[in-house]
Amino acid sequence: MTKVLTDSRSIRIKGRSFLAVVLSPDLPLDEWLLRLDDLAARSAGFFLGRPVVLDVTDLAIDRTQLTELISGLGQRNVSIMGIEGARPSMLGPGMPPLLKGGRPVADFEQPSAESAAAEPVQPAKPATKEPRGQTQSIVIHEPVRSGQSVIFPEGDVTVVGSVASGAEIIAGGSVHIYGALRGRVMAGSVGNSSARIFCRKLEAELLAIDGIYQMAEDMAPSLRGQPVQLWLEGDVIMAETLS
Amino acid sequence: MGKVIVVTSGKGGVGKTTSTAALGAALAQRNEKVVVVDFDVGLRNLDLVMGAERRVVYDMVNVIQGDAKLPQALIRDKRLETLFLLPASQTRDKDHLTAEGVERIINELKKYFDWIICDSPAGIERGATLAMRHADMAVVVTNPEVSSVRDSDRIIGLLDAKTLKAERGERMEKHLLLTRYDANRAERGDMLKVDDVLEILSIPLIGIIPESMDVLKASNVGAPVTLADARSAPAMAYFDAARRLAGETLPITIPGDKRGFLGKIFGRKAA
């Protein structure tokens, strides 16, 4: 029996970035846990409600030790949302997922006992600290080849060349392609519905703006091979040829 | 110092080994010292195409593991005395290729030869990445069909990322060799046209090898096509490609269909 889809609305898939605390344990693990207890004693609830990622790169432990470490952290109310740098043999069912592609930001300041006791009045820090870099756009001067992916959540991506079948561009802002677009493009991936996609020759496999996506077969055949711009109106991707 | 060329494609069966042998023999006929190196450990074929399968004593893995010296493993061609083969091992697998071992061999070969032509295995794993790692130049072998073109595109991306040249921030020279081209089928739309392939891959073209029975015949008698039948259409195309590799500028000819001699002269004008 085939199910009939009555609701034509598409599913929204979005990208979001969150700032996670990354813990990098060192050996021996029981000593490291003692130091962690010491830190937790100085500032109760430091890890409470914070997303924590466990970085086990270069840590020579096996799956059993990793499981013990995770449960040990669990007893201290530190829940691990993901593991970074683990070998596949270290992971099993029921364990947090493997995370990849993390980018470093400024280190978290550890609350220290002295500052809490001796200097109760601290000058107020600037309330917001933007974790974004200076560049808000990148330009790629070469064709983006099959299997390559360009991920730039901070802003616009411009490609002077074509984007091959099997390549993908994910941008926080708009995407400009001065060449043929044969791969996948996701613009406005961090919730920017005013992002647009421009290309000189539309032959894309998939297009998405702010999580609303369109497959090759959903695109109007008259747009194929044409210079096209695409934008979002409500929940619908609009397209017109550029002349 | 010799130049290291990798003949690669991503996809299997497009003509890497045939092209390695044909280009090697074509360059050797210019009186330059050439060695063709088989990187397909476990699935070696280059020895067969070169007609040297019964003369293999030591192979690259033996040299890497120190069981043999490099000159002991090199096989001199019986027809061309400037052409050599370094065979792959058939009984081991690709894990026996180590990065340091390959580097040592390539550096030693560079001292004695003008051209080191590395026949890459298919795929994008260890064997293929080690074959391309030390290359100065790449010949990307592609058939005029979509899956081969996409795999070549992927390989070009890897050539720009995973080779020593790329890691040093230099530009890897890449050339497209279009093989098994059939002008009639391209015209009918059964095959991609030359311009379509060039548009997708956007690297310079070094030659178009026509689809031909001569290639298969040459492989079966164990001779590179540029040695077996130097006057055949594919051999001529390989000779031209070799001259372009050596730095000459020649106009590229698209191999036409098999019309008669007169038809060729008059047919072109009429069209």
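In this numbering scheme, every chain counts its residues from 1 along its sequence in written order. Naming scheme: in the order in which they are written, chains are lettered from A and ligands are numbered from 1. Side-chain atom pairs in this predicted model are given and counted only at pLDDT of 80 or more, local residue features only at pLDDT of at least 70, and totals for whole chains, interfaces and linings cover all residues. The side-chain quantities take in all heavy atoms of the structure and omit both hydrogens and water.

By convention in these notes, a salt bridge is any Lys or Arg side-chain nitrogen within 4 Å of a carboxyl oxygen on Asp or Glu. Counted by the stated rule, this structure contains 21 salt bridges over all chains. When the shortest N-O distance is used, the salt bridge between Arg79(B) and Asp77(B) registers 2.9 Å. Under the relative-accessibility criterion, Asp77(B) is labelled buried at 9%. Each member of the salt-bridge network shares a partner with another, and the members are Arg182(A), Lys201(A), Glu203(A) and Glu199(B). Remark: exposure states derive from per-residue accessible area (1.4 Å probe, protein chains only) relative to the maximum for the residue type, with buried under 20%, exposed over 50%, and partly exposed in between.

A contact between two residues is defined here by any heavy atoms of the two lying within 4.5 Å. Taken together, the contact pairs 13 residues of chain A with 11 residues of chain B. By buried area we mean how much accessible surface two parts lose on assembly, using a 1.4 Å probe and totalling the loss over both. Approximately 930 Å² of surface area, both sides summed, lies buried where chain A meets chain B, with 34% of it carried by carbon and sulfur atoms. Among the residues chain A hides against chain B, the three largest losses belong to Arg145(A), Ser146(A) and Arg182(A). Together they make up 55% of the total. At the boundary of chain A with chain B, the tally comes to 5 salt bridges. Asp153(B) serves as the salt-bridge partner of Arg145(A), at 3.0 Å between the closest nitrogen and oxygen.

Glancing now at the sheet that holds strand S6 (residues 137-142) of chain B. Residues and elements named next belong to chain B. Overall, mixed pairing links the 8 strands, which are arranged S3-S4-S2-S5-S1-S6-S7-S8 in an open sheet. Of all the strands in the sheet, the pair left with one neighbour each is strand S3 (75-76) and strand S8 (205-210). Being paired, for any two strands, means DSSP has found at least two bridges between them. The secondary structure listing takes helices from DSSP runs of H or I that are at least 4 residues long and strands from runs of E that are at least 2 residues long, numbered from the N terminus. Pairing geometry for S6 and strand S7 (residues 173-181), over 6 bridges, is parallel. Residue pairing in the sheet places Thr-142 in a bridge with Leu-178 of S7. Relative to the sheet, helix H10 (residues 194-201) contacts S6, S7 and S8, its axis offset from that of S7 by approximately 150°. Comment: axis = line fitted to C-alpha atoms, over the contacting stretch for helices; angle = value between 0 and 180 degrees taken between N-to-C directions.

Take the nonpolar core next. Where a protein is soluble and globular, its nonpolar side chains tend to be buried together. All names here are of chain B. What is meant by a nonpolar core is a set of buried Ala, Val, Leu, Ile, Met, Phe, Trp, Tyr and Cys residues, joined one to another through side-chain atoms within 4.5 Å. Core analysis: the largest hydrophobic core is formed by 49 residues, its most contacted members being Val-35, Phe-39, Leu-86, Leu-109 and Ile-116. Of the residues forming this core, the biggest block, 5 residues, is contributed by helix H7 (residues 146-159). Residue contacts for Phe-39: discarding those within four places in its chain leaves Met-60, Lys-94, Leu-97, Val-102, Ile-106, Cys-118, Asp-119, Ser-120, Pro-121, Gly-127, Leu-130 and Ala-131.

This paragraph deals with the UniProt feature "domain: CobQ/CobB/MinD/ParA nucleotide binding" (unreviewed entry) in chain B. UniProt positions are given in the numbering used here, feature names are shortened, and annotations may be inferred rather than shown by experiment. Under the present numbering, the feature "domain: CobQ/CobB/MinD/ParA nucleotide binding" (unreviewed entry) in UniProt falls on residues 5-225 of chain B. Within the segment residues 5-225 of chain B, helix and strand shares are 40% and 19% respectively, and the terminal C-alpha atoms sit 19 Å apart.

Further remarks concern the environment of Ala171(A). Residues and elements named next belong to chain A. Locating Ala-171 in the fold gives a position in strand S8 (residues 168-171). Look at Ala-171 and you get buried, because its relative accessible area is 0%. Each C-alpha atom of the pair Ala-171 and Asn-192 lies 9.8 Å from the other, and the pair is 21 residues apart in sequence. Setting aside anything within four residues of it in sequence, one finds Ala-171 in contact with Phe-152, Gly-155, Val-157, Met-186, Ala-187, Gly-188 and Ser-189.

This part takes up helix H1 (residues 29-42) of chain A. Residues and elements named next belong to chain A. In this analysis, the expected span of each helix is defined as 1.5 Å times one less than the number of residues it contains. Under the 1.5 Å per step criterion, the end-to-end length of H1 is 20 Å for 14 residues, consistent within 8% with the ideal 20 Å. Listed as buried for H1 are Leu-29, Trp-32, Leu-33, Leu-36 and Leu-39. Seen from one end, H1 has its buried residues packed into an arc of 115°, which puts them on one side. For H1, the exposed residues lying more than 90 degrees away from the buried face are Asp-30, Leu-34 and Ala-41. Regarding the arc, it is the one traced by the directions from the helix axis to the C-beta atoms.

All right, on to the packing of aromatic side chains then. All names here are of chain B. Only the six-membered ring of Trp is used, alongside the rings of Phe and Tyr, when aromatic pairs are assigned; centres must lie within 6.5 Å, and planes under 30 degrees apart are stacked while those over 60 apart are edge-to-face, with the rest tilted. All told, the structure shown has 1 aromatic pair over all chains when counted by the stated rule. Taking the centre distance of 5.3 Å and the plane angle of 70° together, the rings of Phe-84 and Phe-113 count as edge-to-face. Of this pair, Phe-84 sits in strand S4 (residues 83-86) while Phe-113 sits in the loop between helix H5 (99-112) and strand S5 (115-119), and the two are 29 residues apart along the sequence. Given a relative accessible area of 10%, Phe-84 falls into the buried group. Any Lys NZ or Arg CZ found within 6 Å of a ring centre and within 35 degrees of that ring's normal is scored as a charge over the ring. Above the face of the Phe-113 ring, Lys-33 is positioned so that its terminal group lies 5.2 Å from the ring centre.

Our next topic: the pairing of strand S10 (residues 184-187) of chain A. Residue and element names in this part refer to chain A. As judged from the 3 bridges shared by S8 and S10, these two strands associate in the parallel manner. Within S10, the position partnered with Ile-169 by the bridge is Val-185. Where S10 meets strand S12 (residues 206-209), 4 bridges bridge the pair, whose relative direction is parallel. Residue Met-186 lies in a different strand from S12, and its bridge partner there is Ala-208.

We now examine the pairing of S8(A). When strand S6 (residues 149-152) of chain A meets S8(A), the two strands line up parallel, connected through 4 bridges. Its bridge partner lying in S8(A), Ile151(A) is registered against Ile170(A).

With that out of the way, let us pick up the sheet that holds S8(A). All names here are of chain A. Pairing in this open sheet of 5 strands is mixed, and the strands run S6-S8-S10-S12-S13 from one edge to the other. Bordering the open sheet on either side are S6 and strand S13 (212-215), each of which pairs with just one other strand. Taken over all neighbouring pairs, the strand axes of this sheet differ in orientation by 5° on average, direction set aside.

All right, on to unusual backbone geometry then. Residue and element names in this part refer to chain A. Positioned with a positive phi, Asp-210 is a non-glycine residue whose angle comes to about 50°. Note that Asp-210 resides in the loop between S12 and S13. Judged by its relative accessible area of 5%, Asp-210 falls in the buried class.

All names here are of chain B. Confidence in the prediction of chain B, expressed as mean pLDDT, is 91, and 94% of residues score 70 or more. Ignoring residues within four places in sequence, the model shows residues 257-264, a span with pLDDT below 50, making 7 contacts including any to other chains. In the model, residues 267-271 has pLDDT below 50 throughout and makes 3 contacts with residues more than four positions away in sequence or in other chains. Predicted complex metrics record ipTM = 0.76 and pTM = 0.70. For every residue, the predictor states its confidence as a pLDDT score lying anywhere from 0 to 100.

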